[in-house]
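Listed below are the residues making up each chain.
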Amino acid sequence: SLTVSSTKLIECSTNSFSPESLRLVDGAGLCSGRVEVKSNQSWASVCKADFDQQDAEVVCVEFGCGTPAALQGGLYGEGEGQTWDKEFQCRGKESLLLDCDTSDRENNTCLPGNAVGLTCSEPDDVRLVGGGSRCAGGVEWYDQGEWWTVGAADWDQRDVAAVVCRQLGCGSTVSVLPGNTTNGIRVFCSGSESSLRECRRMYDLRPELTVICSDLLVQPDIFLTDPMGGVFRGHQGPEMFRGYNFTITCSTQPQYPGGSFLLTFTGSNRTQTQPAVNHSAAFLFPAADDSHQGNYSCVYDNYVFSHNFSSESELLSLTITGN
């Protein structure tokens, strides 16, 4: 079986072209850092004036990352060694920086604060499938042009799940469930990595891994309606005339059946709860008065995967005005 390992410092090497190697240094993960090239056994930072957006696109592709998100001099500090004495002239379609043309620099000096730093977006190479949410399901990893099932040893499953939830922006791990044995990728993580790409992996037969993350439910919506025309849009949000009835409706996307909505009123202990019918609930207020002025929010609760989950809407700020 083939084992592939990744560390925070990435180097790609070739003997056919100068510079000989490329790395990203002092970044927050595998897809960010100060751009440095190696030539004649020494590392050199690259000046921002010699490195543009097309060069950045090639580097991000070379490291298996997404598109460039930030390109700035001094973004990840200054290098301790020399400055690279060439200007890169990539077209943006090359697969390696070493495939790009170079030219002599017009100016041999690079002012402090201009060592180029690059942040690439994280690749969309991990997903959870079959769980009704982007934050729940079987773990799959896109590699070598196809999606692979991900598995882990019993003692490693919680650490792998923590990395998956973190990478997807899905909060923390709620539960981990092993599935059927299948041919896929076995992953070894410490639990502190920012993405699975920083973990070791091996291609072999392992039980597939199902992960449930805390941010399972999408954020519900909240909106105000009235049948008598008593509401209008004010500078600070909706305004309601006294004496008119109005309805606050809570709704959510159809992820899972059932659940309930809790309507909260900021600054008060007043709450109302209704079951979710067709993924929504309507709260009727018969006559608006000053006591109804304030901030409202909808909290959607549901019991799925043997756990309670909740998600809260944005605030709706309601002002009660004259007749």
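The model shown is predicted, which means the values in this text are computed figures rather than measured ones. (Residues numbered from 1 in each chain as written. Predicted model: local features only at pLDDT ≥ 70, side-chain atom pairs only at ≥ 80, totals over all residues. Heavy atoms only, no water.)

**Student:** Run through the UniProt feature "domain: SRCR" (unreviewed entry) in the protein, naming residues and quoting values.
**Tutor:** According to UniProt, the positions carrying the feature "domain: SRCR" (unreviewed entry) are residues 22–121 and 126–214. The span residues 126–214 shows a helical share of 12% and a strand share of 58%, and its end C-alpha atoms are spaced 17 Å apart. (UniProt positions renumbered as here; feature names shortened; annotations may be inferred. Helix = DSSP H or I, 4+ residues; strand = E, 2+ residues; numbered from the N terminus.)

**Student:** Describe helix α1 (residues 53–62), and please don't skip the residues or the numbers.
**Tutor:** Of the positions making up α1, those classed as buried are D55, A56, V58, V59, C60 and E62. Backbone nitrogen of Q54 and a side-chain oxygen of the N-cap are separated by 3.2 Å at the start of α1; the cap is D52. Backbone geometry just after α1 places G64 at a positive phi near 75°. (Buried < 20%, exposed > 50% of the residue type's maximum accessible area, 1.4 Å probe, protein only. Polar contact = N/O pair within 3.5 Å; in protein donor to acceptor, adjacent residues only side chain to side chain.)

**Student:** Account for unusual backbone geometry, naming residues and giving values.
**Tutor:** In this model, F305 sits at a positive phi of 50°, which is unusual for a non-glycine residue. Take F305: it is sitting in the loop between β23 (294–304) and β24 (307–312). Taking the relative accessible area as the measure of exposure, F305 reaches 34% and is therefore partly exposed. The backbone of S306 sits at a positive phi, close to 65°, despite the residue not being glycine.

**Student:** Can you tell me about the pattern of salt bridges, naming the residues and giving the values?
**Tutor:** By the definition in use, this model includes eight salt bridges. Close ionic contact of R242 with D290 constitutes a salt bridge, the shortest N to O distance being 2.9 Å. Placement of R242 in the loop between β18 (237–241) and β19 (246–251) and of D290 in the loop between β22 (280–285) and β23 is noted, with a sequence separation of 48 residues between them. The partly exposed category is assigned to D290, whose relative accessible area is 49%. Here the residues in one salt-bridge network are R23, D26, R34 and E36, joined through shared partners. (Salt bridge = Lys/Arg side-chain N within 4 Å of Asp/Glu carboxyl O.)

**Student:** Give me the lowdown on the pairing of strand β16 (residues 221–225), citing residues and values where you can.
**Tutor:** The two faces of β16 differ: I222 and L224 on one face are buried, but D221, F223 and T225 on the other face are not. Here β16 runs beside β19; their pairing, made up of five bridges, is antiparallel. Across the sheet, D221 pairs through a bridge with S251, a residue of β19. (Pairing = 2+ DSSP bridges.)

**Student:** Just give me the short version of the sheet that holds β16, but keep the residues and values in it.
**Tutor:** Pairing is antiparallel in the open sheet, where three strands are placed in the order β16-β19-β22. Of all the strands in the sheet, the pair left with one neighbour each is β16 and β22. For this sheet, the mean angle separating the axes of adjacent strands, direction not counted, is 20°. Two strands pair when backbone bridges link them, and β19 and β22 are joined in this way by six bridges, in the antiparallel orientation. Each residue of the ladder has a partner; that of I248, found in β22, is F283. (Axes fitted to C-alpha atoms, helices over the stretch in contact; angles between N-to-C directions.)

**Student:** Mind laying out the pairing of strand β4 (residues 32–39), listing which residues take part and the relevant values?
**Tutor:** In terms of burial, β4 is a largely internal element, eight of the eight residues being buried. Strand direction decides the pairing type here: strand β3 (residues 21–26) and β4, joined by six bridges, are antiparallel. Bridged to L24 within β4 is V35. Summarising the sheet, β4 and strand β10 (residues 116–120) pair through three bridges and their orientation is antiparallel. Across the sheet, residue R34 finds its bridge partner in β10, namely G117. Inspection of the sheet shows β4 paired to strand β5 (residues 42–45) by four bridges, in the antiparallel sense. Residue pairing for β5: E36 is matched across the bridge by S45. From the end of β4 to the start of β5, which pair antiparallel, there are two residues, and N40 there has a positive phi angle of about 55°.

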